[in-house]
Amino acid sequence: MPVHAPRSFTVQWGSESVLVSNIEPELPVATAGTDLAKVVEAGRANPVTLLPEAAWQAVARATTSPDGVAVQLRPTAAEPAGLLMVENVDGATLHSVVTRVHLSEMLPGIQPRTGMEVMEIPDPQVQGLTDAGRPCAIVRYRYQDPTHLRNHVWQTIHGTLSLNSYAPSILARKVTRNLIAHPVEITFEDGTESFHALVVRDGITRLASAWAVLAGPDADAAETAGLAVDSLFGKNAAVPAAQAGGPLGQRLAASREKWRRTLREEFARGIAEQQPGTRTAQIAQTSVLPAQIAVGAEGHPGHLLAAEDIFDDAIRSVLASVHVEFKQWDTAAQNVEVATRALKRVIQLGDSLVPKDDLQTVYGLAVGRIPVEELPRVFAGDAGSEPPGTALWRSVYLVHALTRPELLEPLKDQAKAIKGGKRMGLKGFAELLGPLIDLPWRSHKKHVTTQARNAWNNGGVLTSDVIQEWEPRPTDDFTSLVKPALAGDTDARCTLAVAGGVALIADKLLTRNVGSALMAAKEKGGVPFRADVNQVVEDLSQQHNELGLWTLALAANRFRSDALPENAVTMRQLIHKQKTEGDPGTPYVHFKTDLDSPDRIERDSDGVPVTLYQWDVVWASNPERALKAHPPKAPLVPRPPGPATGSAPEADGGGSAEADGSTAGGTRDDADPGTSVPSPDPGGPHAAHLPASQRAVAHRQVLRRSITDARDSLDRLLLLEPEVGNHTPIVPVSVLDELHTLLIGLQTDVENLRRRATREEPVAEDEEAPEEVGA
């Protein structure tokens, strides 16, 4: 058959002209059943590959060159393992085929870099698979139902494109670096039939960007994600109906092949034209992607992991090496990866003094597989005492479990091995715990996450007592633990140290002390003296420190995992939150402790509770040291009241803009837009018969209402931002740039109108100008 040379031509991509190169004259055709059988047969005959037949069929459907894959898999006398790509990682060897695959046969997998974030749609549960004690190169994803699967794929594509996109580059040159992929069995908790597919573990940005090219230059991230989901699973959310008793995987594959056939027909018409258009280039450059598909895994002799964990750990090792050498994850993502893998290795090592079942429970709690609501069942005490099912109690039991003397050193050893370091101190271990502890409240407290994790880097709640032997004391009221703690009960003291310390750190009332904090005002995060975070917590929880113990207990009692306290947020954030009174995210407040008050809350002369600051927390940890650093000043003699010292009515803020709710732009909150009097339609049929000044009134009302509506929409977006999480911006940068341009234009026009309305009236030539212009 004659070989046709690739074509190159220029297309328009938005406002840019892009030179598209290497356009093949034809797209790959559907793979015949006999070719699929070749791949399945060769894969099952290879001694180093171990996959279910349905997984081999998924590999065969995805590749555009089944003959080439079969050649790589087929063992020979010289190469018993075939021509597979071999990678040696820590504890295992991976075998992969290198081929080209259809875009619509690749699902985005779980992204390790999101392990330190809270996603709007949770990741599926992951489980490794084995066959006769040998690891299979496949994992099982367990979703709640098909809707969970669709939403998770949509979220991954949308969130990835909201952060980055290679669309113009892919349009010009295709995807040039291999995706790292492997088979996966997708199962559902609601009983929906399972199926096998291929997922991409590295190169998700390239995969999402290819979908963005196919969607077109005008499609945003949401539209691109919708196109990907509809193409992969059909436009209807319901599972495709069975046809002739075929399994779900085959029905979905038939739907995708039908979609690809439509693209091939569209491409054939476009490429036949003398000057192909942009749509032709979009299809040509995204239909096929290069991929490295893992199909075999072998554990090294003496490996620590169980067979079902070898493959997943090996894949994660490959991804970690890629993102250390090429594009690093941030520190928190690395800490989650190190901590969870270290715990998994300790479990499989089997020589820990902690029972393996207990360690599996701790692992499930750390990675989020065990929900907070399950705490009373999972950690029920021998005497029937059960911890409340709250996020704060999750942190207490997690810190307790991970810092037991019999577990702490093995965990540190494995973490050092994974990170490649030679030593790990207590602060280094506390740094690993930070992103695990804040899992339930990351999105709701995202504005102070950086400060909280810095506090964990500075020791967190790992005091000298917490890392020793003690047991949590479950209670619904942490203040009930103060009396036994004062009497010397170590369990009560450590429970208060962990619960109260975590609450103070999460709410930015205890942060890493830096030099500038000594110079800052009390209201701006200042501290009376410098001390490591874990030292402050330790001093607060001392048996003799009644003020410190009550501070910890009250902070733990008031802690909420669904919001930030007023102590930790800025005035602008408070204004936005106060507009939705009654919402779960309404701010709460931590109050200063007063041992002489019946409820232990300090109040001012008007009986109003006094807000707690970091200054007060650090002061309570060591009042003697604080007094030495800040001795009391001599009291000032008050001046007698008189007319000169009386305050004006305006001085109390009663007439200020902040007090009456007005803003610099006007009192926009004085009326409910939904109940305002309707204004005449400036574009209505009778508008032309009105005088221009009356028509101007209507347009002014529309302008004001539109700006007010825009302000309200922005406020609602800011309120939704914590629910969306950090995986994607609430408004894409491209949209923000467009809005910014529009707003600058609007501001310029408004300013020009204001200047014309306030400038001096011109004086007529036949009139005498006045000697003075009134001030």
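These figures come from a predicted structure and were not determined experimentally.

> If you had to explain the overall build of the chain to someone new, which residues and values would you point to?
For the chain, the count of helices and strands is 28 helices and 10 strands. Looking at the 775 residues of the chain, the share that counts as buried comes to 46%. Pairs at least 24 apart in sequence give 72% of the contacts found in the chain among residues at least 6 apart. Surface summary for the chain: the accessible area is close to 38800 Å², and the carbon and sulfur share equals 53%.

> An account of helix H19 (residues 490-506) is needed here, citing residue identities and associated values.
The end-to-end C-alpha separation of H19 is 24 Å, in line with the 24 Å expected for 17 residues at 1.5 Å each. Counted residue by residue, H19 has 15 buried out of 17 residues, so it is predominantly covered. Its side-chain oxygen 2.9 Å from the backbone nitrogen of Asp491, Asp489 forms the N-cap of H19. The first or second residue beyond H19 is Lys508, which carries a positive phi of 60 degrees.

> Let's hear about the nonpolar core: which residues, and what values?
By size, the foremost hydrophobic cluster in this structure holds 92 residues, and its most contacted members are Leu73 and Phe195. In terms of residue count, helix H6 (residues 204-215) provides more of this core than any other element does, eight residues in total. Ignoring sequence-local partners within four residues, the contact set of Leu73 consists of Val39, Ala42, Gly43, Asn46, Thr49, Trp56, Gly82, Leu84, Val97 and Val295.

> Let's hear about the pairing of strand S9 (residues 195-202): which residues, and what values?
Counting buried residues along S9, eight of its eight residues qualify, which places the element largely inside the surrounding structure. When strand S5 (residues 106-108) meets S9, the two strands line up parallel, connected through three bridges. Residue Leu107 lies in a different strand from S9, and its bridge partner there is Val199. Alignment of strand S8 (residues 179-188) against S9, held across seven bridges, turns out to be antiparallel. Along S9, the bridge assignment pairs Ile186 with Phe195.

> Any chance you could break down the environment of Val89 for me, citing the residues and the numbers?
Positionally, Val89 belongs in strand S3 (residues 85-89). Residues Val89 and Ile315 lie 226 residues apart in sequence; the distance between their C-alpha atoms is 8.7 Å. Setting aside residues up to four positions removed in sequence, Val89 forms contacts with His300, Ala314, Ser317 and Val318.

> I'd love a proper account of the pattern of salt bridges, names of residues and values included.
Evaluation of the coordinates by the stated rule reveals 27 salt bridges. Ionic pairing is found between Lys38 and Asp35, a salt bridge with its closest N-O pair at 3.7 Å. Placement of both Lys38 and Asp35 in helix H1 (residues 33-45) is noted, with a separation of three residues, approximately one turn of the helix. By relative accessible area, Lys38 is classed as partly exposed at 36%. With a relative accessible area of 19%, Asp35 lands in the buried category.

> Talk me through the packing of aromatic side chains; I want residue IDs and the actual numbers.
This model, assessed by the stated rule, comprises eight aromatic pairs. Centre to centre, the rings of Trp615 and Trp619 are 6.4 Å apart; their planes meet at 25 degrees, and the pair counts as stacked. Pair noted here: Trp615 and Trp619 are both in helix H24 (residues 614-621), with a separation of four residues, about one helical turn. Each residue in the set Phe379, Trp393, Tyr397 and Phe478 is aromatic and connected to the rest through ring pairs, giving one cluster.

> How would you sum up the packing of helix H14 (residues 391-402) against H19? Please name residues and give values.
At their nearest, the axes of H14 and H19 sit 9 Å apart, and the two run at 125 degrees to each other. In terms of orientation, H14 and H19 fall into the oblique class. Handedness of the H14/H19 crossing: right-handed. Here Leu392, Trp393, Ser395, Val396 and Val399 of H14 lie close against H19, whose contacting residues are Thr495, Val498, Ala499, Val502 and Ala503. Here the residues of the contact of H14 with H19 are counted per class, giving eight nonpolar, two polar and no charged.

> Let's hear about the pairing of strand S4 (residues 92-102): which residues, and what values?
Burial within S4 is extensive, with nine of its 11 residues counted as buried. Turn length for the S3-S4 hairpin, with the two strands adjacent in sequence and antiparallel, is two residues, and the turn residue Gly91 shows positive phi of about 95 degrees. Bridge count for S4 against strand S10 (residues 288-299) is 11 bridges, and the pairing is antiparallel. When the sheet's bridge partners are listed, Thr99 is paired in S10 with Ala291.

> Describe the packing of helix H15 (residues 405-419) against helix H16 (residues 426-437), listing the residues and the values that go with them.
Where H15 contacts H16, the axes come no closer than 11 Å and their chain directions differ by 80 degrees. By the angle class used here, H15 and H16 are roughly perpendicular. Counted together, Leu408, Leu411, Lys412 and Ala415 of H15 and Leu426, Phe429 and Leu432 of H16 form the full contact between these two elements. Looking at the contact of H15 with H16 residue by residue, the class counts come to six nonpolar, no polar and one charged.

> Could you give me a rundown of a nonpolar patch on the surface, with the residues and numbers involved?
Residues Leu703, Ile707, Val735, Leu736, Leu739, Leu742, Leu743, Leu746 and Val750 make up a contiguous nonpolar surface patch of about 740 Å² in total accessible area. Sort the elements by how many residues they give to the nonpolar patch and helix H28 (residues 733-758) lands first, with seven residues. Of note, Val735 is situated in helix H28.

Conventions we followed
Residues numbered from 1 in each chain as written. Predicted model: local features only at pLDDT ≥ 70, side-chain atom pairs only at ≥ 80, totals over all residues. Heavy atoms only, no water. Helix = DSSP H or I, 4+ residues; strand = E, 2+ residues; numbered from the N terminus. Buried < 20%, exposed > 50% of the residue type's maximum accessible area, 1.4 Å probe, protein only. Contact = heavy atoms within 4.5 Å. Areas by Shrake-Rupley, 256 points an atom, 1.4 Å probe, with all protein chains shown as cover. Expected span 1.5 Å × (residues − 1). Polar contact = N/O pair within 3.5 Å; in protein donor to acceptor, adjacent residues only side chain to side chain. Core = buried A, V, L, I, M, F, W, Y, C linked by side-chain atoms within 4.5 Å. Pairing = 2+ DSSP bridges. Salt bridge = Lys/Arg side-chain N within 4 Å of Asp/Glu carboxyl O. Phe/Tyr/Trp six-rings, centres within 6.5 Å; stacked < 30°, edge-to-face > 60°. Axes fitted to C-alpha atoms, helices over the stretch in contact; angles between N-to-C directions. Parallel < 35°, antiparallel > 145°, perpendicular 65-115°, else oblique. Left-handed = near helix turned anticlockwise from the far one by under 90°. Nonpolar A, V, L, I, M, F, W, Y, C, P; charged D, E, K, R; others polar. Patch = residues over 30% accessible without salt bridge, like charges linked within 9 Å, V, L, I, M, F, W, Y side chains within 5 Å.

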